There are 2 protein chains.
Amino acid sequence: MKGLAELGEFGLIDHIRARFPQPVAPELGIGDDAALLSPSAGRQVVVSTDLLAEGVHFDPGFGPARLLGRKSLAVNLSDLASMGAIPRWFFLSLAIPAGFSLETIEGFLDGLAEQAAEHNCILAGGDTCGSKGGLTISVTIMGEQRPELILKRSGAQPGDDVWVSGSLGDSALGLKLLMEGVRLGGAHDPLLLRQLDPTPRCELGLKLAEAGLVNAMIDISDGLLADLGHICEQSVCGAEILLGQLPLSPALYTCSSKQPVFPWPLVISGGEDYELCFTAPRCNREAIQKISKTAGIPLTVVGKVTNSRQVQAILPDGTNFQPSASGYTHF
Amino acid sequence: MKGLAELGEFGLIDHIRARFPQPVAPELGIGDDAALLSPSAGRQVVVSTDLLAEGVHFDPGFGPARLLGRKSLAVNLSDLASMGAIPRWFFLSLAIPAGFSLETIEGFLDGLAEQAAEHNCILAGGDTCGSKGGLTISVTIMGEQRPELILKRSGAQPGDDVWVSGSLGDSALGLKLLMEGVRLGGAHDPLLLRQLDPTPRCELGLKLAEAGLVNAMIDISDGLLADLGHICEQSVCGAEILLGQLPLSPALYTCSSKQPVFPWPLVISGGEDYELCFTAPRCNREAIQKISKTAGIPLTVVGKVTNSRQVQAILPDGTNFQPSASGYTHF
């Protein structure tokens, strides 16, 4: 196989283009100064962007490049899911260290193309360059939705139920295991894969938005406490979370039962769950459970929105839990 | 002044948000999972993205951070200019090394805010994180235009004039001087500023698009030969450039007259000119010169589009010039 230096920047761009289906006319994708896109009439354009830096967001030694490719798009898809938007196009920028193997790039593109195909999302452009540091991946995603269906952080009402999808803490525990040296191919795979290959809840987010049952929604990337905190901040309210009601996976239970103290910080502040957290009036419980059943994704009431300006976490014994930190610190 | 670590990720985001005017309702900018944007009816969305990596695209020692902020947006604005699109929104992602000074970030944001205000372009979202390598800046820009006015690379016709705006080679010569240790504050400022603070030709690009006089357009970022090559590739044609007709600045002339050989490679392959290169039927010459006069930007015919599949550069003595490389090599 050709090396990256031999392929060159334009060779790499041609190579990437060949791997992804291109926009159909009159749209214009990779190969001009800019992409031309035609959002559907009457819909707003929903845009999100995420930067993934080697040594900060990922360690290439933790798993195959294919999963890194899947995750690079997944974290952006998750942002669209939390707004109830339909994914349409994405842009990929890569800063690649000299001597990086083309095989690794191939694996990365494999995973990216898989995730893109699964969500009908078209690669419409990007940029590639060298890097004096590690690999840096920047993805900007664009989706669309009718304005009246879009779910924001700002709509929560006191008295609303607080819901979460799936289970919490698996990804953070998976990261802890990876940092301890555990790798894929063993009993811990379900936990490791939640960290390495998270599932964006796009269809669920879209169904919840279309059903009009939800007041505010966010995806859990910084941990439930921090992200519910963002909803409360934007909605000028507070919330109360009952830790005993949080949905936990069998894998996390098994692993945590050996610990002297239950790892609540991982569950509520570990982050990277990429589950949806939303608030909805109590009277919508039954309708929301129906959506859960149809989608095949557990949805659980874990607390309620309050009139206070705080997010409180209450332990199963009724006392307040005080976490030492509420999310990842970057600087 | 507070340090970056003390400010934290969300403090930095709040800080950035406070520095830029935000989208007006019903649009939604920084502070939710995604931005909500409403392109004008009947217009296509034009999107471009550029990644700037420390040590690859810029050296923080070459000039003030304010100019780096200006340039980060300028290179993206230049892509929109080359399509004849109107800038609307941009997204900023920063990977910032630990210990980076907040003063530098402030300077960077100053320049970015200046450039954004000059082009009426709204900061609508982004991402910030730590970096184990150098500073990495990713900007995605979105503009819009009526589909029938958008200028692509693919419209060049044999017989067309090849035009360029402004003057070529200043930026590459400026970079050479910077690498030799020359800094701002001396006689070489006009050359250094073409490298450190390029002017995107947005208004000119828009006027040319609206006038309907141009067949194909590109901005010169990789050097005239390489970028005209992109037009020829997409238009399935060739071109002939008369080096003796290339527009050169007095500053470049003065500096180059001391050289034993005229620095043609800098002029045609140095890159980062951020001038426009376009092709137009010969009968439009007078109308295009009128636009040049109104805009106050020189426009020069430098060659013609041919039926061959090559881009040929012809020296003032009539012989073919063969450059050793045609653009910057990333890997």
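Cut-off values and rules
- Residues numbered from 1 in each chain as written.
- Chains lettered and ligands numbered in written order.
- Predicted model: local features only at pLDDT ≥ 70, side-chain atom pairs only at ≥ 80, totals over all residues.
- Heavy atoms only, no water.
- Core = buried A, V, L, I, M, F, W, Y, C linked by side-chain atoms within 4.5 Å.
- Buried < 20%, exposed > 50% of the residue type's maximum accessible area, 1.4 Å probe, protein only.
- Helix = DSSP H or I, 4+ residues; strand = E, 2+ residues; numbered from the N terminus.
- Domains from an automatic or database assignment.
- Contact = heavy atoms within 4.5 Å.
- Buried area = accessible area lost by both parts, 1.4 Å probe.
- Salt bridge = Lys/Arg side-chain N within 4 Å of Asp/Glu carboxyl O.
- Polar contact = N/O pair within 3.5 Å; in protein donor to acceptor, adjacent residues only side chain to side chain.
- Nonpolar A, V, L, I, M, F, W, Y, C, P; charged D, E, K, R; others polar.
- Pairing = 2+ DSSP bridges.
- UniProt positions renumbered as here; feature names shortened; annotations may be inferred.
- Least-squares fit on C-alpha atoms with pLDDT ≥ 70 in both.
- Axes fitted to C-alpha atoms, helices over the stretch in contact; angles between N-to-C directions.
- Arc of directions from axis to C-beta.

Here we come to the nonpolar core. With 57 residues, the main nonpolar core has F20, F90, L92, F108 and I137 of chain B as its most contacted residues. Broken down by element, the residue count for this core peaks at 8 residues, all from helix α2 (residues 65-83) of chain B. Both domains that furnish three or more residues to this core are identified here as domain 1 (4-147) and domain 2 (153-321) of chain B. Other than its neighbours up to four places away in sequence, F90 of chain B contacts F20, L73, L112, A116, C121, I122, L123, A124, G125, V139, T140 and I141 of chain B. In this structure, V46, L73, A81 and L204 of chain A belong to the second largest nonpolar core, which totals 56 residues.

The next point concerns the interface of chain B and chain A. When the parts of a complex come together, some accessible area is lost, and that lost area is often used as the size of the interface. Between chain B and chain A, the residue contacts involve 62 residues of the former and 63 residues of the latter. Across the interface of chain B and chain A, roughly 5,000 Å² is buried in total on both sides, 60% from carbon and sulfur atoms. Where chain B touches chain A, the interface holds 4 salt bridges. The interface formed by chain B and chain A holds 18 residue pairs in polar contact (both at pLDDT 80 or more) in total. With 9 residues, strand β2 (residues 44-53) of chain B is the largest single contributor of residues to the side of chain B that touches chain A. Considered class by class, the residues forming the side of chain B that touches chain A number 28 nonpolar, 21 polar and 13 charged. Across 3 bridges, strand β2 (residues 44-53) of chain A lies against strand β1 (residues 35-37) of chain B in antiparallel orientation. Counted as the bridge partner of V47 of chain A is A35 of chain B from β1 of chain B.

A positive phi angle, near 55 degrees, is found at N120 of chain A, a position not held by glycine. The topology assignment puts N120 of chain A in the loop between α3 (102-118) and β4 (122-131).

Turning to the UniProt feature "domain: PurM-like N-terminal" (unreviewed entry) in chain A, a few remarks are in order. Taking the UniProt record as the reference, the feature "domain: PurM-like N-terminal" (unreviewed entry) is found at residues 31-144 of chain A. Taken end to end, residues 31-144 of chain A has its terminal C-alpha atoms 24 Å apart, with 32% of it in helix and 39% in strand.

Okay, the domain arrangement of chain A next. All names here are of chain A. Split into domains, chain A comes out as domain 1 (4-147) and domain 2 (153-321). Between the C-alpha centres of domain 1 and domain 2 the distance comes to 27 Å. Between domain 1 and domain 2, a total of about 1,700 Å² is buried, with carbon and sulfur atoms accounting for 62% of that surface. Between the two partners, domain 1 and domain 2, sit 2 salt bridges. Between E272 and K71 there is a salt bridge; the shortest N-O distance is 2.9 Å. One can count 5 residue pairs in polar contact (both at pLDDT 80 or more) joining domain 1 with domain 2. Looking at the side of domain 1 that touches domain 2, the element that brings in the most residues is helix α2 (residues 65-83), giving 10 residues. Residues of the side of domain 1 that touches domain 2, tallied by class, amount to 10 nonpolar, 8 polar and 3 charged.

Right, let's get into the relation of the copies chain B and chain A. Between chain B and chain A, the superposition needs a rotation of 180 degrees and an axial shift of 0.0 Å, giving an RMSD of 0.0 Å. The relationship between the two copies is best expressed as a two-fold rotation axis. Closest approach to the rotation axis among the C-alpha atoms of chain B is made by G133 of chain B, whose C-alpha sits 2.0 Å away. Mapped onto chain A, 100% of the interface residues of chain B again fall at the interface, so both copies present the same surface.

This paragraph deals with the sheet that holds strand β8 (residues 238-242) of chain A. Residue and element names in this part refer to chain A. Strand order in this open sheet of 7 strands is β7-β9-β6-β10-β8-β11-β12, and the pairing throughout is mixed. Lying at the two open borders of the sheet, with one neighbouring strand each, are β7 (216-219) and β12 (320-321). In the sheet, strand β6 (residues 161-165) pairs with strand β9 (residues 276-280) via 4 bridges, with the strands oriented antiparallel. Pairing of W163 across the sheet is with F278, part of β9. Against the sheet, helix α6 (residues 202-211) engages β6, β7, β9 and β10 (299-306), with an angle of about 15 degrees to β9. Each of β6, β7, β8, β9 and β11 (311-314) is contacted by helix α7 (residues 224-235), which is oriented at about 145 degrees to β7, the strand it contacts most.

Moving on, we get to helix α10 (residues 285-295) of chain B. Residue and element names in this part refer to chain B. Looking at α10, one finds that the buried residues are I288, I291 and S292. Angularly, the buried residues of α10 cover 100 degrees about the axis, an arc narrow enough to put them on a single face. Exposed residues on α10 whose side chains face more than 90 degrees from its buried face are E286, K290, K293 and T294. Elements that come into contact with the buried residues of α10 comprise β6 (161-165), α6 (202-211), β9 (276-280) and β10 (299-306).

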